[in-house]
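Listed below, chain by chain, are the residues.
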Amino acid sequence: MRALALAVQAIGGLNRLVGNIVSWLAAGVVAVCFAVVVQRYVFNTTFLWMQDLYVWLSGAMFTAIAGFALFRDDHVRVDIFYRPASTKRKAVFDIIGVVIFLFPFMYVVWNWGLVYVRRSWSFFEASQNIGGMPGLFVLKTFILVFAALVALQGVAMIARAILVLADREDLLPPLYRYKVETDEETPVV
């Protein structure tokens, strides 16, 4: 059981690290977008590579941060059954959701993405825009990063659920446990 707890913490720690680092790309997106607008409307000029850059930074950020969002429970979920459920029921829902939905989807993304990324790397694909950015193959690699980090977080979710079902959630630090709803957090309608 301690190995499961360590796996949950290691995978969660990896996604937290990646998420905290990659989230700073948002500042780069804003800065580059601002520079493009100033160039276009103040100086009547533009660099196509800069227009590619803020779109590419956004793509890299949102694909790399997906595992972090899953770790933080910031993803979209239909909470009709999940939110009011007990911790053990949440654990069962997580196992079912990860096994039936998450893993098959990540398998498809990985398999299709691998072909797509290999092809892109084979000729060092660049932007289709004349004067655009080189290195589109690097951006496409983030498809595989997305699939790997989200699938790993799915493994951590299953491990955490097993710990809960075995009444060993105490092996996890509070950050890695299920969130407990309190009366203050529940909105009054």
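Residues numbered from 1 in each chain as written. Predicted model: local features only at pLDDT ≥ 70, side-chain atom pairs only at ≥ 80, totals over all residues. Heavy atoms only, no water.

**With respect to the pattern of salt bridges**
Pairing between side chains of opposite charge can happen when their charged atoms approach one another. All chains considered together, the criterion is met by 5 salt bridges. A salt bridge links Glu-125 to Lys-140; the nearest nitrogen and oxygen atoms lie 2.7 Å apart. In this pair, Glu-125 is assigned in the loop between helix H6 (87-122) and helix H7 (136-165) and Lys-140 in helix H7, connecting sequence segments 15 residues apart. Judged by its relative accessible area of 10%, Lys-140 is buried. In this structure, the salt-bridge partner of Arg-168 is Asp-170, at a minimum N-O distance of 3.5 Å. (Salt bridge = Lys/Arg side-chain N within 4 Å of Asp/Glu carboxyl O. Helix = DSSP H or I, 4+ residues; strand = E, 2+ residues; numbered from the N terminus. Buried < 20%, exposed > 50% of the residue type's maximum accessible area, 1.4 Å probe, protein only.)

**Observations regarding the packing of H6 against H7**
For the pair H6 and H7, interaxial distance at closest approach is 8 Å and the crossing angle is 160°. When the interaxial angle is binned, H6 and H7 end up roughly antiparallel. Remark: the crossing between H6 and H7 carries left-handed chirality. Grouping the constituent residues of the contact of H6 with H7 by class yields 30 nonpolar, 5 polar and 4 charged. (Axes fitted to C-alpha atoms, helices over the stretch in contact; angles between N-to-C directions. Parallel < 35°, antiparallel > 145°, perpendicular 65-115°, else oblique. Left-handed = near helix turned anticlockwise from the far one by under 90°. Nonpolar A, V, L, I, M, F, W, Y, C, P; charged D, E, K, R; others polar.)

**Some points on the nonpolar core**
With 11 residues, the main nonpolar core is built from Ala-66, Leu-70, Val-98, Leu-102, Met-106, Val-109, Phe-146, Ala-147, Val-150, Met-157 and Ile-158. Sorting the residues of this core by element identifies helix H4 (66-72), H6 and H7 as the ones contributing at least two each. The biggest single contributor to this core is H7, with 5 residues. Met-106 has contacts with Phe-146, Ala-147, Val-150 and Ala-151, leaving out every residue within four places of it along the chain. (Core = buried A, V, L, I, M, F, W, Y, C linked by side-chain atoms within 4.5 Å. Contact = heavy atoms within 4.5 Å.)

**Here we look at unusual backbone geometry**
The phi dihedral of Asn-44 falls on the positive side, at around 55°, and the residue is not glycine. Tracing the sequence through the fold places Asn-44 in the loop between helix H2 (25-42) and helix H3 (48-64). In this structure, Phe-124 is a non-glycine residue whose phi angle is positive, near 45°. Relative to the elements of secondary structure, Phe-124 occurs in the loop between H6 and H7.

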